[in-house]
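The residues making up each chain are set out below.
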Amino acid sequence: MTENAWTRWPSREALGRGGTSGPRRLLGWVVRALVLGMLLWGVFTGSQVHGWQALGAAGAVLLAAFVAWALYRTTLAHRLWPSLALTTVLLGIAVVAQTADFRVPALVLWCGCAVTALERLPLMAALPVTAVALTSYAAVNDDPWLTTAATTAGLALAGYVLRLDAEARGNAQRLLAQERAARAAEAESAALAERARIAREIHDVLAHSLSAQLVHLEAARLLIEGGADREQILERVVAARGMARDGLAETRQALSALRGELTPLEDFLTQLVGEAAGAAATISGERRPLPAEASQAVRRVAQEALTNVRKHASGAKVQVRLEYGEQQVTLVVRDSGGSPGELGESGAGYGLLGMRERAELLGGSLDAGPDKEGFVVTLQVPV
């Protein structure tokens, strides 16, 4: 529900000094010092009062300055009745000053109350206060009525302009605070995304390599318990060592990727295909560097697809095709089909679900399923 404009306070940002430049603050203090000096000057030069009476009048001026400071604090805290009470005190001091023939201080107090009320109070309370202050000013002012009317209108306009300026500054402060909060939230979100990416990379490497090692070590344990030949046991241990070596290499590669030290994607695929028997790679389109996330997705999917071929289609011929498009890069891994390998019963590791999740996080897609002869995995990632 929208707050009533007549009862709405100027915001605390508008009433405070936040967002005010150094020169502007200095100007404000100079103006206050000049007003106070003018009031004191009016006390000692604008009447025939001397001695203790002059000191008493000077004390009244200092009291008015203290009340004005208290009014600043109460309006900043949006306390209506204390603010009205303090404004009434200032108006009363002006009346007493006028009665005691301190005309200049009285006029300054009335004008200050009128402008301050319009600037710092809700309009419903500011308008009566301003009307009383300006009416008192007009009643005792000796200038021609046209000059007095122009002065009162100018004071009212000045107070309202100051109010608008303060509200604009307050809105700017709120927008700045919101922008800072949004930037902090964005930085936190980026940090969380980076942590998730690191966790995903570590999971991919460990789940991919350790599951295969576990299969070989478990097979070695069963062979030992069954009294198998030394050669059979050694074969399994050597295979587990090879898996550990490959896992270590993949871990180093993942860390290099996290540091932004990726080798060119084409070189990686060429090396990966060269290590797989019966595999070939073709690359088409205009080659260009890819974002780290997209490049890493292509690498991981290619690795997992070739691992699945070794698991489930041992001896199959594999065709790896990387195609650079204008808005996306496409990876296709197609095998000719074959019999399950020795790791056919091992855990899924990263698996198709992980590959699809990685693609969808980047706004891409992954399709995997049987083809006419074997199995095909198709990854599309926008770049």
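Here is what the cut-offs are and how they apply
Residues numbered from 1 in each chain as written. Predicted model: local features only at pLDDT ≥ 70, side-chain atom pairs only at ≥ 80, totals over all residues. Heavy atoms only, no water. Pairing = 2+ DSSP bridges. Helix = DSSP H or I, 4+ residues; strand = E, 2+ residues; numbered from the N terminus. Axes fitted to C-alpha atoms, helices over the stretch in contact; angles between N-to-C directions. Parallel < 35°, antiparallel > 145°, perpendicular 65-115°, else oblique. Left-handed = near helix turned anticlockwise from the far one by under 90°. Contact = heavy atoms within 4.5 Å. Nonpolar A, V, L, I, M, F, W, Y, C, P; charged D, E, K, R; others polar.

Q: Got a minute to help me understand the pairing of strand β4 (residues 365-370) in this structure?
A: The side chains of a regular strand alternate, first on one face of the sheet and then on the other. Where β4 lies against strand β5 (residues 375-382), six bridges are found, and the strand directions are antiparallel. Counted as the bridge partner of S365 is Q380 from β5. Linking β4 back to β5 in an antiparallel pair, the connection comprises four residues.

Q: I'm lost on the packing of helix α4 (residues 80-99) against helix α5 (residues 103-120) in this one. Help?
A: The relative placement of two packed helices comes down to the angle between their axes together with the axis-to-axis distance. The N-to-C vectors of α4 and α5 enclose an angle of 155 degrees; their axes lie 7 Å apart at closest approach. Here α4 is positioned roughly antiparallel relative to α5, judged by the angle of their axes. Considering only the axes of α4 and α5, their crossing is left-handed. Side by side, α4 and α5 meet where T87, L90, L91, I93, A94, V95, A97 and Q98 of the first sit next to R103, A106, L109, W110 and C113 of the second. Class assignment of the residues belonging to the contact of α4 with α5 gives a composition of ten nonpolar, two polar and one charged.

Q: Looking at this structure, how should I read the sheet that holds β4?
A: The strands making up a sheet associate through backbone hydrogen bonding, with each pair oriented either parallel or antiparallel. If you trace the five strands from one edge of the open sheet to the other, you get β1-β2-β3-β5-β4, paired in mixed fashion. If you trace the sheet from one side to the other, it starts and ends with β1 (279-284) and β4, each paired once. Sheet twist, expressed as the mean angle between neighbouring strand axes with direction ignored, is 10 degrees. Bridge count between β1 and strand β2 (residues 318-324): six bridges; the pairing is parallel. Residue pairing across strands places A281 opposite V320, the latter belonging to β2. Taken strand by strand, helix α9 (residues 265-274) contacts β1 and β2, and its axis lies near 175 degrees from that of β2. This element, helix α10 (residues 292-312), spans β2, β3 (328-335), β4 and β5 of the sheet and lies at about 5 degrees to β3.

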